[in-house]
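# Remarks on the overall topology
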Amino acid sequence: MSDQAVLHVKGRVLIGPDDIRDELWIVGGRITYERPQGARDTRTVNGWALPGLVDAHCHVGLGPSGPAADDTAEKQALTDREAGTLLIRDAGSPSDTRWIDDRADLPKIIRAGRHIARTRRYIRGFAHEIEPDDLVAYVAQEARRGDGWVKLVGDWLNRETGDLGACWPRDAVEAAIAEAHRLGARVTAHCFAEDSLRDLVEAGIDCVEHATGLTEDTIPLFAERGVAIVPTLVNIATFPQLAAGGEAKFPQWSAHMRRLHERRYDTVRAAYDAGVPVYVGTDAGGTLAHGLVAGEVAELVTAGIPPVEALSATAWGARAWLGRPGLDEGAPADLVVYEGDPRADVRVLAAPRRVVLNGKVVG
């Protein structure tokens, strides 16, 4: 121990919402609650410590037209890190970002492979665009490429009807989800509208992104099956602008997007009240800025989720859901230190005092 530098985090360490310690130490990049003896160098950081925040819907390596260059992906990851996001579930990217795993100074990423969409039913350049007969094969491919997740595009604008519509027939998603589960991967899906949700949940899906189309008919089904949602409210805030841009050509779609936006907070609160698991995700990447995790937590609170539960949705609860440790004895030292108690006011998250990744102060 005598030749190892030690970081001492002192103040209030939030191992859980009600499990609080006065201090921890970081030795060799890992957390310990036992005071190390004989360390040659000790640095102290004071404040309120949380596990590194989770953005459970983020796209590193995705630009407005598709794959982004590595230097752009690096800037995206650094922006997330400076906001305190140290664990990302990358919910679909056409870029190979495995090189990030070799960078101890960048957030850890759990990948879902590349989006899988129906032909001409998603943003050009983002996804594999295929037909239902090929869905199982592509799900198997992306399950092997990812880190335990696969991402489907469950609905999108149907140019024939002029409105949002489900992308896949029921039998196709049943077979695809079964194949993902056989390979040990969980499945999530982009869904804005109402009509794809029942088929996806009854087919065994694990999570739904956005979930703006939840209704009093489908919310109980999500709760019964334990299907999580990641509302991405900072992205849903852009719906009026999107609707205005498409109103001349697709007025029915435009009106639908506005309705989904208008009831977004009621939808999220109703899901939470019913017991549906809710997690924080920003949908950063493509055209949306990175580093918005604090804003998304604040949006969940605005929707009516209690502050401590909204905090858990990016901290303790989110890490447990993704199978990654928090501030546990021996865990990698990924944590964020704040001036005040984030349980009392989640706006504290917007101003990290220190960011510690793999035991190093990086911000």
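Summary of the structure given here. (Residues numbered from 1 in each chain as written. Predicted model: local features only at pLDDT ≥ 70, side-chain atom pairs only at ≥ 80, totals over all residues. Heavy atoms only, no water.)

### A short note on the nonpolar core
The cut-off we apply is this: Joining through side-chain atoms within 4.5 Å is the link that ties buried Ala, Val, Leu, Ile, Met, Phe, Trp, Tyr and Cys residues into a set, and such a set is a nonpolar core. Per-residue accessibility, obtained with a 1.4 Å probe over protein chains only, is compared with the maximum for each type, and a residue is labelled buried under 20%, exposed over 50%, and partly exposed between these values. Put simply, DSSP H or I for four residues or longer makes a helix, DSSP E for two residues or longer makes a strand, and each gets a number counted from the N terminus. By the convention used here, residues are in contact when the closest approach between their heavy atoms is within 4.5 Å.
Among the nonpolar cores identified, the biggest contains 78 residues, and Leu50, Leu135, Ile205, Phe222 and Leu300 are the most heavily contacted of them. When residues in this core are grouped by element, the largest group, five residues, is from helix α3 (residues 170-182). In contact with isoleucine 205, other than residues within four places in its own chain, are Ile177, Val187, Thr188, Ala189, Leu200 and Val227. Among the nonpolar cores identified, the runner-up in size contains 15 residues, and Val9, Ile15, Val45 and Ala333 belong to it.

### Some thoughts on helix α1 (residues 70-82)
Structurally, the α-helix is built with 3.6 residues per turn, so residues lying three or four positions apart point the same way. Applied cut-off: To estimate how far a helix should extend, the number of its residues minus one is multiplied by 1.5 Å. Directions from the helix axis toward the C-beta atoms define the arc.
The end-to-end C-alpha separation of α1 is 18 Å, in line with the 18 Å expected for 13 residues at 1.5 Å each. Every buried residue of α1 is accounted for by Ala73, Gln76, Ala77, Asp80 and Arg81. Along α1, the residues classed as buried sweep out an arc of 140° about the axis, all on the same side. Along its buried surface, α1 packs onto β5 (53-58), β6 (62-63), β8 (85-90) and β19 (354-357). Just past α1, the residue glycine 84 takes up positive phi, approximately 95°.

### Describing the layout of surface pockets
To keep things clear, this is the line we draw: Note on definitions: the grid is 1 Å and covers protein atoms alone; a cavity is a set of points where a 1.4 Å probe fits but cannot get out; a pocket is an open set with protein on both sides within 12 Å along at least five of seven lines; lining residues have an atom within 4 Å of a point. Grid points are joined across faces, edges and corners, and a volume is the space filled by probe spheres set on the points. In the scheme used here, Gly and all other residues not listed as nonpolar or charged are polar, with Ala, Val, Leu, Ile, Met, Phe, Trp, Tyr, Cys and Pro taken as nonpolar and Asp, Glu, Lys and Arg as charged.
Of the volumes computed, that of the largest pocket is approximately 910 Å³. For the largest pocket, the lining is made up of 34 residues, of which Tyr122, Ile123, Trp156, Leu242 and Trp253 are closest to its centre. At the level of secondary structure, the elements contributing two or more residues to the lining of the largest pocket comprise β13 (155-158), α7 (239-246) and α8 (251-262). The leading source of residues in the lining of the largest pocket is α7, at five residues. Of the residues assigned to the lining of the largest pocket, the class counts are 15 nonpolar, 13 polar and six charged. In this structure, the second largest pocket occupies an estimated 210 Å³ of space. In terms of lining, the second largest pocket is formed by 13 residues, of which the most central are Ala5, Val6, Leu7, Gly359 and Lys360. For the lining of the second largest pocket, the elements supplying multiple residues, two or more each, are β1 (5-14), β2 (20-27), β4 (41-51) and β20 (360-361). Here the lining of the second largest pocket takes three residues from β1, the largest share from any one element. Classifying every residue of the lining of the second largest pocket gives six nonpolar, four polar and three charged.

### Focus: the side chain of arginine 81
Where we set the bar: N or O atoms closer than or at 3.5 Å make up a polar contact, with two conditions inside protein: a donor-capable atom paired with an acceptor-capable one, and, for residues adjacent in sequence, both atoms drawn from side chains.
Tracing the sequence through the fold places arginine 81 in helix α1. Here the side chain of arginine 81 touches valine 362 through a polar contact of 3.0 Å, landing on its backbone oxygen. With sequence-adjacent residues up to four places away left out, arginine 81 is seen in contact with Leu86, Asp105, Pro107, Val355, Leu357 and Val362.

### Focus: the pairing of β2
Residues in a regular strand point their side chains to alternate faces of the sheet. The line we're drawing: In short, DSSP must find at least two bridges between two strands for them to pair.
Examined bridge by bridge, β1 and β2 share seven bridges and lie antiparallel to one another. Looking at β2, one finds that valine 9 is bridged to leucine 24. Remark: five residues form the turn of the hairpin made by β1 and β2, two consecutive strands paired antiparallel. The turn linking β2 back onto strand β3 (residues 30-32) is made up of two residues, and glycine 28 within it adopts a positive phi angle of 60°.

### A closer look at the packing of helix α2 (residues 135-145) against α3
In plain terms, the rule: Here an axis means a line fitted to C-alpha atoms, over the contact stretch when the element is a helix, while the angle between two N-to-C directions is reported on a 0 to 180 degree scale. Roughly parallel here means an angle under 35 degrees, roughly antiparallel means over 145, roughly perpendicular means 65 to 115, and every remaining angle is called oblique. Crossing handedness is read from the near helix: turned anticlockwise from the far helix by less than a right angle, it gives a left-handed crossing, and turned clockwise, a right-handed one.
Two elements in contact, α2 and α3, have axes separated by 9 Å at closest approach and are oriented at 25°. Here α3 runs roughly parallel to α2, going by the angle between their axes. Considering how the two elements wind past one another, α2 and α3 form a crossing that is right-handed. The segment α2 lies against α3, with Leu135, Val136, Val139, Ala140 and Arg144 engaging Ala172, Val173, Ala175, Ala176, Glu179, Ala180 and Arg182. Grouping the constituent residues of the contact of α2 with α3 by class yields nine nonpolar, no polar and three charged.

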